[in-house]
Structure formats: C-alpha cells, structure tokens
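# Report on the structure
For reference, the chains in residue letters:
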Amino acid sequence: MAPSAERSIGLRFEKIDKRYGAVYALHNLTLEISPGECVALAGRNGSGKTTLLRVASSLTRPTRGTLAFSGVPENQNPQVGFVAHATMLYDELTAEENLLFFAKLLGVANRKARVDELLNEVGLGERKDSLVRTFSRGMRQRVAIARALLADPSLLLFDEPATGLDAEATAWLIGHLRTLRDRGCTILMSLHGESEVARLAARAVRLDTGSVVADTRSGATFQSVLTFAGG
Amino acid sequence: MGLLSNAAALLGKEVRTEFRSRELMSTTTVFVLIVVVLFSFTFDPTTDESHRFGPGLLWLAFLFAASLMLQPCFLREQVNDTLSALRLAVRDPFAIFLAKIGANTLFLLFTELLMLPVFAALFNASFRGQLPGILLTFFLGSLGISTAGTALAAISAQSRMRELLLPLLLLPLLAPILVASTEVTVGLMSPDPFMQWKGIGFLAVFDVVFLTALWLFGEYLLEE
Amino acid sequence: MAKRVLLGAAAVLLVIAAAYAAFFVAPEERTMGVLQRIFYFHVACAWAGLTAFMICFAANLLYVWKRQEKYDWLGVSCAEVGTAFTTVVLISGPIWAKPAWGIYWTWDARLTSTFILWLLYISYLLLRTLVEEPDRRALLSALFGIFAFIDVPIVFGAIRWWRTQHPAPVIMGGPNSGMAAGMRPAFYFGVIAMHIFMWFLISERYSLEKTRSDIELLRQEAEAS
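For every chain, the first residue of its written sequence is number 1, and the numbers climb from 1 along that sequence. Chains and ligands are labelled by the order in which they are written, letters from A for the one and numbers from 1 for the other. Where local features are concerned, this predicted model is filtered to residues with pLDDT of at least 70; where side-chain atom pairs are given and counted, the filter is 80 or more; whole-chain, interface and lining totals use all residues.

All right, on to the sheet that holds strand E7 (residues 186-190) of chain A then. Residues and elements named next belong to chain A. What makes two strands pair is DSSP finding at least two bridges between them. Elements are defined by DSSP. Helices are runs of H or I of four residues or more, strands are runs of E of two residues or more, and each kind is numbered from the N terminus. On the basis of which strands lie adjacent, the open sheet formed by six strands has the order E5-E6-E7-E3-E8-E9 and mixed pairing. At either margin of the open sheet sits one strand with a lone partner, and together these are strand E5 (80-83) and strand E9 (211-215). Between one strand and the next, the sheet's axes are offset by a mean angle of 20 degrees, whatever the strand orientation. In the sheet, strand E3 (residues 38-42) pairs with strand E8 (residues 203-208) via four bridges, with the strands oriented parallel. Counterpart to leucine 41 in the pairing with E8 is valine 205. Axis angles are defined between N-to-C directions and span 0 to 180 degrees, where every axis is a line fitted to C-alpha atoms and, for a helix, only to the segment in contact.

In structure tokens, the structure reads:
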C-alpha cells in the first residue's frame, strides 16, 4: 500500500536548538518540508546534518524549539525509515533474521514475504542466511536500507546513503528512491556535494554551524547549494 | 504492535541470541562458582554455621555476578546503534526495558538454578521438598536485581568507567533484595524448613516499586 | 551579596548559640553526663541531612520534568550538603557510642540505612564526575537520584524488619521519647540552627555551581571561536 498524496508527511522545524555543552549542533533552525518533498541536505562535517536527521526521526530531543508533522494523526509520530552511518543491525544475526525481527516489531503484515521481497530487491537474496558480521560495508548498507523500507515508511531519512555502495547498488538505490518519491514518500537525505543521488531531489538546503544558510526554495541554484566551499 | 507483543518479540530475540553463543550465562555461572568456592575459604563450610551464612553468601555471589552480567545489556546495543533502531521500531520504549528485564531475569535464574545443587553439595545443605519456595524466591529476587540492574545499566552505558560504575550504583541499591532473599532462603534451608511470606511480600513490593519507577522514567533513560 | 553575608552570619551565629545551649543551657543527662550533649549536634545533623536529600529528590523530579539547569544545580548542591551532614553523623555517632556503650558501631536499622544512604549519594556524586556533557549529566544523575531516593525507605524497612532483632543498645531513643522537658528547647533550637546552616551551605554551593556552569560555557565558546 503506497502512501498517497493525502497521507504524505510534511515537517516543520521551528527554531530548533540542540546543544551539547556550549556547542550548538543546531542553532535557531527553522525549516519547512512540504509533504512528499524530496530534499537534499548539504553541508560540511559538523554542520548539523546528522543531528537534524535525528531530530526529524524523534531519536534526538531538541534542547529548544518544536518539530511538527502534518499528515499524521494528533500526538503520533510518523512511520520513519532511517539509514544512518551506523548500520543499526545485529552482527550476530543473519540478514533475514535481522529483517524478520524488525518486521515483527513494526507489525509488518506477511513478514516473511515482505522480507524476502526486500532482500531480493537489494540483491542479497542469496546471502540471507549469512551473518551480517560477514558482510562488507556495502552489503550491510543494503540490508540497512531494506530495514528502513520494511514498514513502507512515509518519511525516509538518509544519512549519506550512497556510502560504500558500488555502481550497481547505487543505481538500484536511485531507482528505488525515485519510485518512493513518486509515490509521495517524503525524503530527506544528507549528501556530500553533487552526486547522482542528489539529482533525485526537488530541493536542496545547505546547513552551516547548525542553521540553514542556503535553500533552493529561495532561489539559489542546486549547484551553489550543494557544492559551496567544497561540500 | 502493543507493548507486550513488542516486549515478547524483543525478549525472544535476546534469548535466541544468548542461546546461540551462551557467552553471558557460561561466564556468569563460572563466576558465581568461583565466588562461592572462595567464600568457602573464609570459614569452615561444614559446621552448622554454614546454614546461617551460606544463603547470604550465595545471594551475595548472585549479586556480584549480576552486576557484571548486566553490563552488556545496553553496551551491545551501542555497537551498531541498534538501540536507535529499537527506539524507532517500538511505540513504547518501556517494551525495550521489559524485554531486557525479562531476559536478564531468565539468565540469572538459569545460573542460580544451576548453582543450587552445587551449593547444596559444597555446603551440605538440603532443600528437601522446598523447590517451589526456592523457585519463587529466586524468581522474585532475580526480577528485582534485573529491574534495578537494567535501569542502572542504561545509565552506566552512557558514562565513563562504565564497568566499575554499574556495580557501584547497583550494589547499595540492592541491599534490600540481599536482606530479604537471604532471610527467606535461610528459612527454606533450615532443618525445620518454613516459608517466610513476609520476605516474599517484601521482594514483590520491591519489584513492583522499581518496575513502576522504570515505567514512569524509562523513556528518559534512553533519551538523547 | 549583602543578603548572602547576612544569611551566613546568621547561620554561624545560630549554630554557635545552639552549641552554647547544648553545652550550658540544657540539663545534664543522668547516665551519660557531658558526653550525651553530642546528641543535640548529632541528631540535628542527621535531620538536616535528610532534609537536604529530600530537597534533592524534589529537584531531581523537577529537572526531569522541566529540564531547567537550576534544578540540576539545586540537586547537586543538596546532594553534596546532605552527604557532608551524613558524613558528620556517621563519624559523630561512633565517637559518642564508644565511651557510652563500649562499641563503635551496631548494625541496627537506623545506622545501616544511614550508611547505605551515604553510599548511594556518594555514588550519585561519582556518577556526575563520569559524565562530561552537562545536559546528559544532569538528566542521568537526576534519574539515579530518583531511584536512589525511593530505595531508601525500602532499605530502612528491610533492615528494621530483619536486622534489628537482637538486642541492640538504643543509641538515640526517639527524639521525643524519654527526653526531659528541659532538653527540648536546646534540642529544637539545635535542629533549627542546623537547618538554617544547611540552607546557607546549599545556597552557597548553588551559586558556586551556577558560576562554574557560566564559566564553562564561556570557556567553550572561547575555544570554539
């Protein structure tokens, strides 16, 4: 069941601060993401991209400010798929076991079928019974992506998703993201500079020291937002 | 997915993982054995006094073992940040705690029941016909140890010197468990065995109080 | 500033006055003589320590709820002051007990619970030194403080039920049991004086913590730029 346009999620970050001691990972950040929008987040390391994604997923609680969702029932958080730097997978379980476990927690219908389907899509159908510990970085990334997609999320958050993926896997990822985007899924992805993945985005936003400094929505070009100061 | 079904799913995974490697339970059991043997060097375990001191030493050994066994509880979830994945997948974070408490209680119980005949042999003690009482005591005591221990493991996992910190935080907190469990076990081990229901009630109260506290405050323990 | 000096002066004067009352105004106790006078001091410290821990508990709850730094500052101040008073209690008790009863210590409910209470708050303070990031430190120590405090009555109950069976010297009787009428004014005066002294210490420690926090912020900002 694909998220339809009415069920697309919008986000509104309102004056978000996230402080670690005296360091502000996010500072007075205000940003609105329209339902179904695909946004590329650019910025140097330490600009706050990862923190912003974690706040969007409700994993990190902002020190100040609010995050509101549209398209979600009151007081509920949307179904989020998150692919981060860490794999968020259990090394001592097999790929299939990992996915079945999370599918069970998420209450996915027809777990086994869904897991098989996703594993085949990411090209790991043959290796489903291997322990994740034995996988390469790229393979783990693919399982992580499969995990993020298990419950057909309406909000997808990607922290540098193409890291460790070879050309074939990257092409698969782009194709899949395109399908999700076209189905109305809201996508936020942090990227390093211009890349093929970035071309999926309808909008690019640049962060620096925790605030938004450039936004294609206000007229800046994609290139300038994504590649300013080396990306 | 409801709270209980989430907790059950997580509990299932924890138990399955542990039974695959058996590393937690094997090391914990050996540790308890070592402690019990060393304790026996501190006094002569064959006299009548051992009936008075024995159960206390047994529970002390369980407590020490637990304070080590509970360490990996949240540390393992830090390795690949699986804790974040769990937090995203379950609606109520208390499910994570329930599952870990359940798993830790089971592992502790397993170790304790394994140690029981060994202890009985080494200290010439007998639990003739008292098995139901022993099971109840071990269960309630282990539940208390796991509840407080899991909560504090979540705290210590976020600080430095975490291996030392957990026992430091946990052992004083568990003093009541030590007292009550020992008393009930002494009663069950005595030549004229009896069941001290006051102690059982007390253990139950401890368990309820700390489970409630964890239910109220658990999500803050996992917060970032 | 003037208010702080006034509070401090008042607190110190009150304590001195209470000491005077304890030594010279209160009647001499029948059996223990002069030695018993330590009781005024010892019990007042114990009560002040407990009050400090109760305020700490309230501050911990407020921090978890409101997440305002001031509650963290209040919490650590009360914990430190409470621990200091409890240390005094644990040391003055045996000093009194040895000449009076011939033993330094006994494992009765009150003493053992006090010892565990002391250990728990020492752990609280140790935990704080082991978490660097201020917001995390505040939250984790507040949560541990809450767990520790709810444990205290349970500890007391356990030890009173099972470890006070054998006859133990009644170290303090209750404060109102067997206390001669003449002793009461000195006693309550001492309790009040100690509580005011406690309040003075807590507010000083609170300002210290506030200043320390401000300096740390400035330092980090300076380093970052």
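On to the interface of chain A and chain B. Much of the literature gives interface size as the accessible area that the parts lose upon coming together. Two residues qualify as being in contact provided that their C-beta atoms, derived from the backbone, are within 7 Å of each other. Contact residues are listed per partner, giving 20 residues for chain A and 17 residues for chain B. For the side of chain A that touches chain B, the secondary structure elements donating two or more residues are E5 and helix H2 (95-106) of chain A. Broken down by element, the side of chain A that touches chain B gets its largest block of residues, five residues, from H2(A). Split by residue class, the side of chain A that touches chain B holds 12 nonpolar, four polar and four charged. Under this grouping Gly is polar, as are all residues other than the nonpolar Ala, Val, Leu, Ile, Met, Phe, Trp, Tyr, Cys and Pro and the charged Asp, Glu, Lys and Arg.

This part covers the sheet that holds strand E2 (residues 23-33) of chain A. Residue and element names in this part refer to chain A. With respect to topology, three strands assemble into an open sheet ordered E2-E1-E4, the strand pairing being antiparallel. Edge strands, defined here as strands with exactly one partner in the open sheet, are E2 and strand E4 (64-70). Taken pair by pair, the neighbouring strands of this sheet meet at an average axis angle of 15 degrees, ignoring direction. Judged from the seven bridges that link them, strand E1 (residues 10-20) and E2 form a sheet pairing that is antiparallel. The partner of phenylalanine 13 across the bridge, within E2, is leucine 31.

So, about the interface of chain C and chain B. Taken together, the contacts link 26 residues of chain C with 25 residues of chain B. Ranked by residues supplied to the side of chain C that touches chain B, first place goes to helix H5 (residues 134-162) of chain C with 16 residues. The residue makeup of the side of chain C that touches chain B, split by class, is 22 nonpolar, one polar and three charged.

Next up on the list: unusual backbone geometry. Residue and element names in this part refer to chain B. The backbone phi angle of aspartate 81 is positive, close to 55 degrees, even though this residue is not glycine. Mapped onto the fold, aspartate 81 is located in the loop between helix H4 (72-79) and helix H5 (82-89). A positive phi angle, close to 50 degrees, is found at methionine 161, a residue other than glycine. Positionally, methionine 161 belongs in the loop between helix H7 (131-156) and helix H8 (162-173). Buried residues are those with 20 or more other C-beta atoms within 10 Å of their own C-beta, exposed residues have 12 or fewer, and partly exposed residues lie in between; C-beta atoms are placed from the backbone. Residue classification places methionine 161 among the partly exposed residues on the basis of 13 C-beta atoms within 10 Å.

Our focus in this paragraph is the packing of helix H1 (residues 3-21) of chain B against helix H6 (residues 94-122) of chain B. Residues and elements named next belong to chain B. The contact between H1 and H6 brings their axes to 8 Å, and the two run at 40 degrees. Between H1 and H6, the angle is such that the two are oblique. Crossing hand, H1 versus H6: right-handed. Note on element contacts: H6 touches H1 through Phe94, Ala95, Ile96, Leu98, Ala99, Lys100, Gly102, Ala103, Leu106 and Phe107, opposite Leu3, Asn6, Ala7, Leu10, Leu11, Glu14, Val15 and Glu18. Split into classes, the residues belonging to the contact of H1 with H6 amount to 13 nonpolar, two polar and three charged. In what follows, roughly perpendicular refers to angles from 65 to 115 degrees, roughly parallel to angles under 35, roughly antiparallel to angles over 145, and oblique to any angle outside these ranges. Two helices cross in a left-handed way if the nearer one is turned anticlockwise from the farther one by less than a right angle. They cross in a right-handed way if the turn is clockwise.

Let us look at the environment of Glu133(C). By the secondary structure assignment, Glu133(C) is in the loop between helix H4 (109-129) and H5. Glu133(C) gets classed as partly exposed once you count the C-beta atoms within 10 Å, which come to 14.

What follows concerns the confidence of the model for chain A. Residues and elements named next belong to chain A. Scored by pLDDT, chain A has a mean of 88; 95% of the residues are at 70 or more. Known as pLDDT, the predictor's per-residue confidence is scaled from 0 to 100. Averaged pLDDT values over the elements of chain A bottom out at 81 in helix H6 (residues 222-227) and peak at 95 in H2. The low-confidence segment residues 1-5 (pLDDT under 50) makes 11 contacts with residues lying over four places distant or belonging to another chain.

Here we come to the environment of Gln158(B). Tracing the backbone shows Gln158(B) in the loop between H7 and H8. In this structure, the C-alpha to C-alpha distance between Gln158(B) and Phe74(B), residues 84 residues apart in sequence, is 9.2 Å.

In this model, chain B carries an average pLDDT of 91, and 98% of its residues clear a pLDDT of 70 or more. Scored as a complex, the prediction yields pTM 0.90 and ipTM 0.92.

This part is about helix H4 (residues 137-149) of chain A. Residues and elements named next belong to chain A. Here a helix's expected span is defined as the number of its residues, less one, multiplied by 1.5 Å. The end-to-end C-alpha distance of H4, which contains 13 residues, comes to 19 Å, matching closely the 18 Å that a straight helix rising 1.5 Å per residue would cover. Along H4, 11 of the 13 residues are buried, which leaves the element largely enclosed by surrounding structure. Among the residues of H4, those classed as buried are Met139, Arg140, Gln141, Arg142, Val143, Ala144, Ile145, Ala146, Arg147, Ala148 and Leu149. Buried residues along H4 sit in contact with E5, H2, helix H3 (111-121), strand E6 (155-159) and helix H5 (167-182).

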